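Structural overview
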Amino acid sequence: MASSRGGGSQQVIRSGDMEKMSLDQLKAVKEQADIEVNLLQDSLNNIRTATGRLENASAALHDLSLRPQGKKMLVPLTASLYVPGTLDDADKVLVDIGTGYFVEKTMAEGKDYCERKINLLKSNFDQLIEVASKKKTLADEAGLILQAKLKQSSPSS
Amino acid sequence: MSSSSTALRELQQDLENKANDLSKLQKDIAKNHQVRKKYTIQLGENELVLKELDLLNEDANVYKLIGPVLVKQDLAEANANVRKRIEYISAELKRLDGSLQDLEEKQHSKREAILKVQQRIQSHQAGKAKA
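Residues numbered from 1 in each chain as written. Chains lettered and ligands numbered in written order. Predicted model: local features only at pLDDT ≥ 70, side-chain atom pairs only at ≥ 80, totals over all residues. Heavy atoms only, no water.

Describing the pairing of strand β2 (residues 82-86) of chain A
Strand residues, when the strand is regular, have side chains that alternate between the two faces of the sheet. All names here are of chain A. Inspection of the sheet shows strand β1 (residues 72-76) paired to β2 by 5 bridges, in the antiparallel sense. Opposite K72, over in β2, you have T86 as the bridge partner. The turn joining β1 and β2, which pair antiparallel and follow one another in sequence, is formed by 5 residues. (Pairing = 2+ DSSP bridges. Helix = DSSP H or I, 4+ residues; strand = E, 2+ residues; numbered from the N terminus.)

Right, dumping it as structure tokens:
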């Protein structure tokens, strides 16, 4: 699961402080902020992928609940080998809850599980987006101040 | 004259040794961070599992994947196992925290020692230039 922890050592840098910093310090701040923004973007993408997979699972569950018992189906044994079979009990489903544990649940509980996970991921996603946009504004500000200072130190070019 | 240049060489050797120690310390700190990250992720996953197990009825069926085999487990046993794992991981994280602090202190004092040696080298070279 993607965790919403930020980077290891974070310093709160206000825009007032950045005006006073030297060129090198500003460059370091901007690079650090850019790296953090990229990390946060990666986490956001991971959450999006995981949410997509959960929504697929939820849709598959819903589809399964519509199928009658005894319906003929093809069971995958390997990626290219399917064997014919019949649908036995579509009310019980096995849910993977993590670290190798599986729980037998009813169809309703399974759907509920998917929904809970999707909501958890969505709230993580929202939290991360906030943090990411704050970091991005910081990185952009640092970039602007850096450019302004560069122009200052070489006015005749 | 030769005695001061051997002293200089000794100082530079000392500087090199300290610089190597510092880079080893930094590698250890980076490894500590990596292991910490792995344990934190595992801890989070195990806590999720525990939450799910708590929501179950007493008679719900729990299975554990051991290699390619899905084995039926007792709910109480599964709870106990997950709790034990969470305890173990928390203890490991605490231990890592302690050793990280220790490493960072060592890194700090190593940096100061390096600075001192550098200053001695500089004053040595300044002294040699004047003489």
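Some details on the nonpolar core
Soluble globular proteins tend to pack their nonpolar side chains together in the buried interior. I97(A), Y101(A), V49(B), L53(B), L56(B), V62(B) and V82(B) are the most contacted members of the largest nonpolar core, which totals 24 residues. Looking at this core, the elements that each hand over two or more residues are β3 (92-98), β4 (101-106) and α3 (107-153) of chain A together with α1 (2-55) and α2 (75-130) of chain B. Broken down by element, this core gets its largest block of residues, 7 residues, from α2(B). Among all residues touching V49(B), those that are not within four sequence positions of it are I97(A), G98(A), T99(A), Y101(A) and V82(B). Counting 9 residues, the second largest nonpolar core, distinct from the first, contains L40(A), L44(A), I47(A) and L128(A). (Core = buried A, V, L, I, M, F, W, Y, C linked by side-chain atoms within 4.5 Å. Buried < 20%, exposed > 50% of the residue type's maximum accessible area, 1.4 Å probe, protein only. Contact = heavy atoms within 4.5 Å.)

Notes on the UniProt feature "coiled-coil region" (unreviewed entry) in chain B
Sites flagged by UniProt as "coiled-coil region" (unreviewed entry) map to residues 86-120 of chain B. Along residues 86-120 of chain B one finds 100% helix and 0% strand; the C-alpha atoms at either end are 51 Å apart. (UniProt positions renumbered as here; feature names shortened; annotations may be inferred.)

Concerning the packing of helix α2 (residues 23-66) of chain A against α3(A)
Residues and elements named next belong to chain A. Where α2 meets α3, the closest approach of the two axes is 7 Å, and the angle between their N-to-C directions is 160°. Of the possible angle classes, the one that applies to α2 and α3 is roughly antiparallel. In this structure, α2 crosses over α3, and the sense of that crossing is left-handed. Partitioning the contact of α2 with α3 into residue classes produces 27 nonpolar, 9 polar and 12 charged. (Axes fitted to C-alpha atoms, helices over the stretch in contact; angles between N-to-C directions. Parallel < 35°, antiparallel > 145°, perpendicular 65-115°, else oblique. Left-handed = near helix turned anticlockwise from the far one by under 90°. Nonpolar A, V, L, I, M, F, W, Y, C, P; charged D, E, K, R; others polar.)

A closer look at the packing of aromatic side chains
Tallied over the entire structure, the rule returns 0 aromatic pairs over all chains. Here the basic side chain of K64(B) rests over the ring of Y101(A), its NZ or CZ set 4.7 Å away from the ring centre. A cation over an aromatic ring shows up here: K72(B) above the ring of Y63(B), its NZ or CZ 5.7 Å from the ring centre. (Phe/Tyr/Trp six-rings, centres within 6.5 Å; stacked < 30°, edge-to-face > 60°. Lys NZ or Arg CZ within 6 Å of the ring centre and 35° of its normal.)

Regarding the interface of chain A and chain B
Contacts between chain A and chain B engage 16 residues on the former and 19 residues on the latter. Of the roughly 1700 Å² buried between chain A and chain B on both sides combined, carbon and sulfur atoms contribute 59%. Its largest share of buried area at the contact with chain B, chain A owes to T99(A), Y101(A) and F102(A), together 36% of the area lost on that side. The interface formed by chain A and chain B holds 2 salt bridges in total. In this structure, the salt-bridge partner of R116(A) is E52(B), at a minimum N-O distance of 2.7 Å. (Buried area = accessible area lost by both parts, 1.4 Å probe. Salt bridge = Lys/Arg side-chain N within 4 Å of Asp/Glu carboxyl O.)

So, the side chain of N79(B)
Residues and elements named next belong to chain B. Along the chain, the position of N79 falls in helix α2. With a relative accessible area of 13%, N79 lands in the buried category. The contact partners of N79, leaving out residues within four places of it in the chain, are L50, L53 and D54.

A word on unusual backbone geometry
Here T99(A), not a glycine, exhibits a phi torsion of approximately 45°, which is positive. Within the fold, T99(A) resides in the loop between β3 and β4.

What to know about the sheet that holds strand β1 (residues 62-66) of chain B
Read from one edge of the open sheet, 4 strands run β3(A)-β4(A)-β1(B)-β2(B), paired in antiparallel fashion. Looking along the sheet, the strands with just one partner apiece sit at the ends: β3 of chain A together with β2 (69-73) of chain B. Here the average twist between neighbouring strands, direction ignored, is 35°. Where β3(A) lies against β4(A), 6 bridges are found, and the strand directions are antiparallel. Residue pairing for β4(A): V93(A) is matched across the bridge by K105(A). Of the strands in this sheet, β3 and β4 of chain A are in contact with α3(A), which crosses β4(A) at around 125°.

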